[in-house]
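Notes for the structure review
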Amino acid sequence: MNTEESVHIIPGGPELYAKTWKTSGSPLAVLAFIHGFSDHCNAYHDMFPTLASAGIEVRSFDQRGWGRSVKKPRDRGNTGPTSQVLSDIHSFLQSLPSHPDVPLFLMGHSMGGGQVLNYIFHPESPYNGDKTKRPNFAGVLLYSPLIAIDPSSRPSKLTVAAGRIVAKLIPHKQRYSPLDANLLSRDAAVVKEFVADTLCHDTGTFEGLAGMLDRGIWLEGMFAAGSGAWVKSEVPFWFGHGDGDRITSYAATKDFAKELAEKGGDVKFSSYEGAYHKLNAELPETKEKFLADVKAWMLAKVPEKKGVVVQDEVEGVETESGIETATPADADTDSKAKL
């Protein structure tokens, strides 16, 4: 497995650090990955090498304000408004080499998961603009997505209201907003590594933090607002969440997946008992199950691999539609807003 670092240049904007995890031969699929808050694409441990070893090429980038895309301290967390965030994602996706015979998947974690859902469903997203230029996804995957913050970690209404006022007056003012590292994983070594990683700087701007919360609020109210408030998608969706997550809401993800399925969406929801926020860096038994589920779901949508189960990749039951993972039976399953 080889890696290749590069730079993605945003038209009229900054240069963003990008990286590719290559397969040993021609890839069976390509996965574009969007990272979370106080995160960067090199912080996903052995997840990307594992996927690459299964024939899935991974392409990712450090978003504006995060990781190696930060050139000066004042750049930290300076993501811009949601319109800019989604435009950056769209620009990166459009820069990917086009291989019509190789399925393209999109995946987002945490904040990145909320961004991906807004990218797909929001009427004002660039994905829903010129549809002749939209990426052709074989599937979209979200894990621990920021649809809602878990009640135990949710900021007070007063804090949120004050933050919105500051965001309008001085949007680029930075605010140190640390994640509780102990809630990221049950693996103590992962927690220690996160704390020591200087690229995980826990700093946002008031504009960026408000935008992150607003994207979640829009997703929570998306279905209730009616079918005209969001753009339906025929793309298959996979959701994964640990029921021990106290950063993003497990219940919100499960409810969203259920409602999307009831609206006719092609949806798979996988639950991970006791798992915390970073499923890719959890205890070995959880991490291995998570990676096996992700690989199996994607490879089942590759023509040459459809319906094939590799025993050392996944424990589950083979069905006509792919892999049925071990999840609770009830787990499977409209407000216009300005960006």
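Right, let's walk through the structure included here. Computed from a predicted structure; not experimentally measured. (Residues numbered from 1 in each chain as written. Predicted model: local features only at pLDDT ≥ 70, side-chain atom pairs only at ≥ 80, totals over all residues. Heavy atoms only, no water.)

**Considering the packing of aromatic side chains**
Inclusion rule: Think of it this way: a Phe, Tyr or Trp ring, Trp meaning its six-membered ring, pairs with another when their centres are within 6.5 Å, and the plane angle makes it stacked under 30 degrees, edge-to-face over 60, tilted otherwise. Under the DSSP-based scheme used, a helix requires at least four consecutive residues in state H or I and a strand at least two consecutive residues in state E, with every element numbered from the N terminus. Buried means the residue's accessible area, taken with a 1.4 Å probe over protein chains only, is under 20% of the maximum for its type, while exposed means over 50%, and partly exposed covers the values in between.
Within this structure, the stated rule accounts for 21 aromatic pairs. When the ring of Phe121 is compared with that of Phe237, the centres are 5.3 Å apart and the planes differ by 20°; the resulting orientation is stacked. In this pair, Phe121 sits in helix α3 (residues 111-121) while Phe237 sits in strand β9 (residues 237-242), placing the two residues 116 residues apart along the sequence. Each of the two residues, Phe121 as well as Phe237, counts as buried.

**A look at the pairing of strand β6 (residues 137-143)**
What counts, and what does not: Strand pairing follows a simple DSSP-based rule, namely that at least 2 bridges must link the two strands. Note on handedness: a crossover is taken as right-handed if, strands pointing away from the viewer, the path from the first strand over the helix to the second is clockwise.
A large share of β6 lies buried, amounting to 6 of its 7 residues. Across 6 bridges, strand β5 (residues 104-109) lies against β6 in parallel orientation. Following the sheet pairing, Leu104 is matched in β6 by Phe137. Each parallel crossover has a hand, and the one from β5 via α3 to β6 is right-handed. Bridge count between β6 and β9: 4 bridges; the pairing is parallel. Bridge pairing in β9 places Val140 opposite Phe237.

**Describing the sheet that holds β5**
Quick note on the threshold: To define axes, lines are fitted to C-alpha atoms, for helices over the stretch in contact only, and angles between the resulting N-to-C directions are given on a 0 to 180 degree scale.
Taken in spatial order, the 8 strands line up as β1-β2-β4-β3-β5-β6-β9-β10 in an open sheet, and their pairing is mixed. Strands with a single pairing partner mark the edges of an open sheet, and in this sheet they are β1 (3-9) and β10 (267-272). Taken over all neighbouring pairs, the strand axes of this sheet differ in orientation by 20° on average, direction set aside. Across 5 bridges, strand β3 (residues 29-34) lies against strand β4 (residues 56-61) in parallel orientation. When the bridges of β4 are listed, Ala29 appears paired with Ile56.

**A closer look at the pattern of salt bridges**
Filter applied, for reference: What makes a salt bridge here is a side-chain nitrogen of Lys or Arg within 4 Å of a carboxyl oxygen of Asp or Glu, nothing more.
Enumeration according to the criterion identifies 9 salt bridges in this entry. Residues Asp39 and Lys278 are paired through a salt bridge, measuring 3.9 Å at the closest nitrogen-oxygen approach. Separated by 239 residues along the polypeptide, Asp39 in the loop between β3 and α1 (47-53) and Lys278 in the loop between β10 and α8 (284-299) bring together distant segments of the chain. In this structure Asp39 comes out as buried when scored by relative accessible area, which is 4%. Taking the relative accessible area as the measure of exposure, Lys278 reaches 6% and is therefore buried. Residues Glu282 and Arg186 are paired through a salt bridge, measuring 2.8 Å at the closest nitrogen-oxygen approach. Taken together, the positions of Glu282 in the loop between β10 and α8 and Arg186 in the loop between β7 (174-176) and α5 (188-196) put the pair 96 residues apart, joining distant regions of the chain. Residue class for Arg186 comes out partly exposed when judged on its relative accessible area of 30%.

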